[in-house]
Amino acid sequence: MTAQIGVIGAGAGGAAATYVIDRALPEAEVTVFEKSRGVCGRAAARRRDGTVYEYGANFLKDTGGPVSALVTDRFDDRLVEVQGPVWTFDADGHVTEGPDADERRWTYEDGLTRLAKHLFGATAADVLLQTRIADVYHDGHWRLADTEGTEYGPFDALLLNPPAPQTAPLLSETGVQAADRLGDAADEVRYRTGWTAVLGYDFELDAPYYALANADEEHEVGWIGREERKPGHVPDGASVLIVQANPEWATERYDAPPQENVDALARHAADIVGDRRLRDPDWTDHQGWRYALAAEGVEQEAIRDAAAEGLYAAGDWVAGEGRVDAALQNGLETGEALADSVRESGASRGPGR
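Residues numbered from 1 in each chain as written. Predicted model: local features only at pLDDT ≥ 70, side-chain atom pairs only at ≥ 80, totals over all residues. Heavy atoms only, no water.

Enquirer: Just checking my understanding: could you explain the nonpolar core for this structure?
Expert: Where a protein is soluble and globular, its nonpolar side chains tend to be buried together. Residues Ile-5, Leu-60, Leu-115, Leu-119, Leu-328 and Leu-338 are the most contacted members of the largest nonpolar core, which totals 44 residues. Contributing elements (two or more residues each) for this core: strand E1 (4-8), helix H1 (12-24), strand E2 (29-33), helix H2 (66-74), strand E9 (105-108), helix H3 (113-121), strand E14 (157-160) and helix H10 (324-345). The contact partners of Ile-5, leaving out residues within four places of it in the chain, are Ile-21, Ala-28, Glu-29, Val-30, Thr-31, Phe-155, Ala-157, Leu-338 and Val-342. Counting 31 residues, the second largest nonpolar core, distinct from the first, contains Phe-33, Trp-142, Leu-171 and Ala-294. (Core = buried A, V, L, I, M, F, W, Y, C linked by side-chain atoms within 4.5 Å. Buried < 20%, exposed > 50% of the residue type's maximum accessible area, 1.4 Å probe, protein only. Helix = DSSP H or I, 4+ residues; strand = E, 2+ residues; numbered from the N terminus. Contact = heavy atoms within 4.5 Å.)

Here is the structure:
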């Protein structure tokens, strides 16, 4: 019979896993469930009057491994290289040149979401957007139910890609001990909160770097990125700063009035960059991320035990590194492991075979 595979979450890891599964098991039927209107999770972009800005994950790092090869060899349509190095600043806002002048970073003309669209687009998977899964259980096969009460399944194997705090409640009463233990382990993973201010200016900022990163993690600001250093993102004569607060500030100020946060981060950015004009942006946007980055990895024994029951997890919290390239790499590896297991079980046989 044809294998039925379910994937919960269309983030970077889920997209990479779906791509691998589809290539390894071309006769399998893969269904992806995504609660949002778009794909690629925190690697998100918005558009405004000809401007593209990435307010979550900022770029894809060239690690020289399978992810880099996949991007440059297979999915290079609209791929662009971020221009300029990343410099650093300390708790006092003092800026110094960074050590990574030769490091390559990529995105796409329309943002990193393009990579997830490439990955899903290269498969026959059925991607169901705005479908929030509320229940996962096992009765000999894996089954799901969404918040509207619609049921899905049976599935021979299931892969979960949401952040650990959103995965944990799905695995509380599945009927499989190993799955419930993975839920408990996911519940223990700590996350860093994020808060981003997007600051748009009707003038060009003259600076030799792409971004500034807080090296000692003691400043209220953790990152200042310049979207105009990404080809195709910002029209000539304009500048857009992505100002991301450090996790402690973001946690303390998460529920504060957004404009107060934006104004505070604009003042900090102006002081760090050394340009008072940056205190008064011509337009702004903002986004909070309750679960921005995994601060640690999940217990790997729980991952292995659940996989033995046909239940897999992928993402930065499984990889133990809060980077898009780490989530993608983990997705590739997890998708391969799932496909190998299904193939060995014989569930991938097509009709009449």
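Having seen the structure, we can now continue with the description.
Enquirer: Got a minute to help me understand the pairing of E9 in this structure?
Expert: Sheet faces and side chains relate simply in a regular strand, where the side chains alternate between the two faces. Burial of the side chains of E9 extends over both faces: Arg-105 and Thr-107 are buried on one face and Trp-106 and Tyr-108 on the other. Across two bridges, the pairing between strand E5 (residues 60-61) and E9 is antiparallel. Following the sheet pairing, Leu-60 is matched in E9 by Trp-106. (Pairing = 2+ DSSP bridges.)

Enquirer: What am I meant to see in a negative patch on the surface here?
Expert: The grouping of Asp-92, Asp-216, Glu-217, Glu-218, Glu-248 and Glu-252 at the surface amounts to a negative patch. Along the chain, Glu-217 falls in the loop between strand E16 (211-214) and strand E17 (221-226). According to the relative accessible area criterion, Glu-217 is exposed, its value standing at 63%. (Patch = residues over 30% accessible without salt bridge, like charges linked within 9 Å, V, L, I, M, F, W, Y side chains within 5 Å. Areas by Shrake-Rupley, 256 points an atom, 1.4 Å probe, with all protein chains shown as cover. Salt bridge = Lys/Arg side-chain N within 4 Å of Asp/Glu carboxyl O. Lys, Arg positive; Asp, Glu negative; His and termini not counted. Charge placed at Lys NZ, Arg CZ, Asp CG, Glu CD.)

Enquirer: So what exactly am I meant to see when it comes to the sheet that holds strand E13 (residues 151-155) here?
Expert: In a beta sheet, neighbouring strands pair by backbone hydrogen bonds and run either parallel or antiparallel. Judged by pairing direction, the sheet is antiparallel, and its three strands sit side by side in the order E11-E12-E13 without closing on themselves. Where the open sheet ends on each side, the last strands, each with one partner, are strand E11 (133-138) and E13. Looking at each pair of strands side by side, their axes are set apart by 15 degrees on average, direction ignored. Pairing of E11 with strand E12 (residues 142-146) involves five bridges; the strand directions are antiparallel. Along E12, the bridge assignment pairs His-138 with Trp-142. (Axes fitted to C-alpha atoms, helices over the stretch in contact; angles between N-to-C directions.)

Enquirer: Looking at this structure, how should I read H10?
Expert: Residue pairs three or four apart in sequence face the same way in an α-helix, which turns once every 3.6 residues. End to end, H10 covers 31 Å across 22 residues, agreeing with the expected 32 Å (1.5 Å per residue, within 8%). One or two residues past the end of H10 sits Gly-346, with phi positive at roughly 85 degrees. (Expected span 1.5 Å × (residues − 1).)

Enquirer: What am I meant to see in unusual backbone geometry here?
Expert: Among all residues except glycine, the phi angle is most often negative; among peptide bonds, the trans geometry is most common. Between Gly-153 and Pro-154 the backbone carries a cis peptide bond, its omega angle lying at 5 degrees. Structurally, the position occupied by Pro-154 is in strand E13. If you check the backbone angles, Arg-78 has positive phi at about 70 degrees while not being a glycine. Here Arg-78 shows up in the loop between H2 and strand E6 (79-81). Of note, the phi angle at Glu-217 is positive, near 55 degrees, even though the residue is not glycine.

Enquirer: Help me understand H2, please; the structure alone is not making it clear to me.
Expert: Of the positions making up H2, those classed as buried are Val-67, Ser-68, Leu-70 and Val-71. Burial along H2 is one-sided: seen end-on, the buried residues are contained in an arc of 160 degrees. (Arc of directions from axis to C-beta.)

Enquirer: Looking at this structure, I do not really get the side chain of Asn-261. What am I missing?
Expert: Note on placement: Asn-261 falls in helix H7 (residues 258-273). When its relative accessible area of 0% is taken as the criterion, Asn-261 is described as buried. Reaching out from Asn-261, the side chain makes a polar contact with the side chain of Arg-253 at a distance of 2.9 Å. Aside from chain neighbours lying at most four places away, what touches Asn-261 is Trp-195, Trp-249, Arg-253 and Ala-256. (Polar contact = N/O pair within 3.5 Å; in protein donor to acceptor, adjacent residues only side chain to side chain.)

Enquirer: What is the right way to look at the pairing of E14 in this model?
Expert: Burial of E14 is two-sided: the residues Ala-157 and Leu-159 facing one way and the residues Leu-158 and Leu-160 facing the other way are all buried. The pairing of E1 with E14 spans four bridges and is classified as parallel. Each residue of the ladder has a partner; that of Ile-5, found in E14, is Ala-157. Where E14 meets strand E20 (residues 311-313), three bridges bridge the pair, whose relative direction is parallel. Across the sheet, the residue bridging to Leu-159 is Tyr-312, located in E20.

Enquirer: How should I be thinking about the sheet that holds E5 in this particular structure?
Expert: Taken in spatial order, the three strands of this open sheet run E5-E9-E6, and their pairing is antiparallel. Either end of the sheet is taken by a strand with one partner, and the two such strands are E5 and E6. Bridging between E6 and E9 involves three bridges; their strand directions are antiparallel. In the sheet register, Glu-81 faces E9, and the bridge partner there is Trp-106. Helix-sheet contacts for H2 involve E5, E6 and E9, and the interaxial angle to E9 is about 45 degrees.

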